[in-house]
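Each chain, letter by letter, is given below.
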Amino acid sequence: MSEVKFNPSAANAATKAIEAANRLCGYDDEPAEKEEDDEIVICFEEGKEFAR
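Here the structure is a predicted model, which is why all the values come from computation and not from measurement.

Chemist: Which parts of the structure should I look at to understand the overall build of the protein chain?
Modeler: On a plain count of helices and strands, the protein chain comes out with one helix and zero strands. Expressed as a percentage of the 52 residues in the protein chain, the buried residues total 2%. For the protein chain, the accessible surface area stands at approximately 5,600 Å², while carbon and sulfur atoms represent 52% of it.

Chemist: Which parts of the structure should I look at to understand a nonpolar patch on the surface?
Modeler: Together, Val4, Ile40, Ile42 and Phe44 give the surface a local cluster of nonpolar side chains, amounting to about 480 Å² of exposed area. Relative to the elements of secondary structure, Val4 occurs in the segment before helix H1 (8-24).

Chemist: What exactly am I supposed to notice about the environment of Thr15 here?
Modeler: By the secondary structure assignment, Thr15 is in helix H1. Judged by its relative accessible area of 40%, Thr15 falls in the partly exposed class. A distance of 2.9 Å separates a polar atom in the side chain of Thr15 from the backbone oxygen of Ala11.

Chemist: Sorry, what's going on with H1 here?
Modeler: If you check H1, its first and last C-alpha atoms are 24 Å apart, about what 17 residues at 1.5 Å a residue would give, namely 24 Å. Of the residues flanking the start of H1, the one acting as N-cap is Asn7, its side-chain oxygen 3.0 Å from the backbone nitrogen of Ser9.

Criteria and thresholds
- Residues numbered from 1 in each chain as written.
- Predicted model: local features only at pLDDT ≥ 70, side-chain atom pairs only at ≥ 80, totals over all residues.
- Heavy atoms only, no water.
- Helix = DSSP H or I, 4+ residues; strand = E, 2+ residues; numbered from the N terminus.
- Buried < 20%, exposed > 50% of the residue type's maximum accessible area, 1.4 Å probe, protein only.
- Areas by Shrake-Rupley, 256 points an atom, 1.4 Å probe, with all protein chains shown as cover.
- Patch = residues over 30% accessible without salt bridge, like charges linked within 9 Å, V, L, I, M, F, W, Y side chains within 5 Å.
- Salt bridge = Lys/Arg side-chain N within 4 Å of Asp/Glu carboxyl O.
- Polar contact = N/O pair within 3.5 Å; in protein donor to acceptor, adjacent residues only side chain to side chain.
- Expected span 1.5 Å × (residues − 1).

Following this line, the structure appears as structure tokens:
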């Protein structure tokens, strides 16, 4: 079992990077209409460390 610690600074940097990439790809800043089955899945591989 691995432990993932939340790092607010790293989360903020990642969010800004994703927003910048979306703008570069031409996506609008406005969210699309949300469907009830929308979900986000984030998977981490064991043995790798992220966002120290």
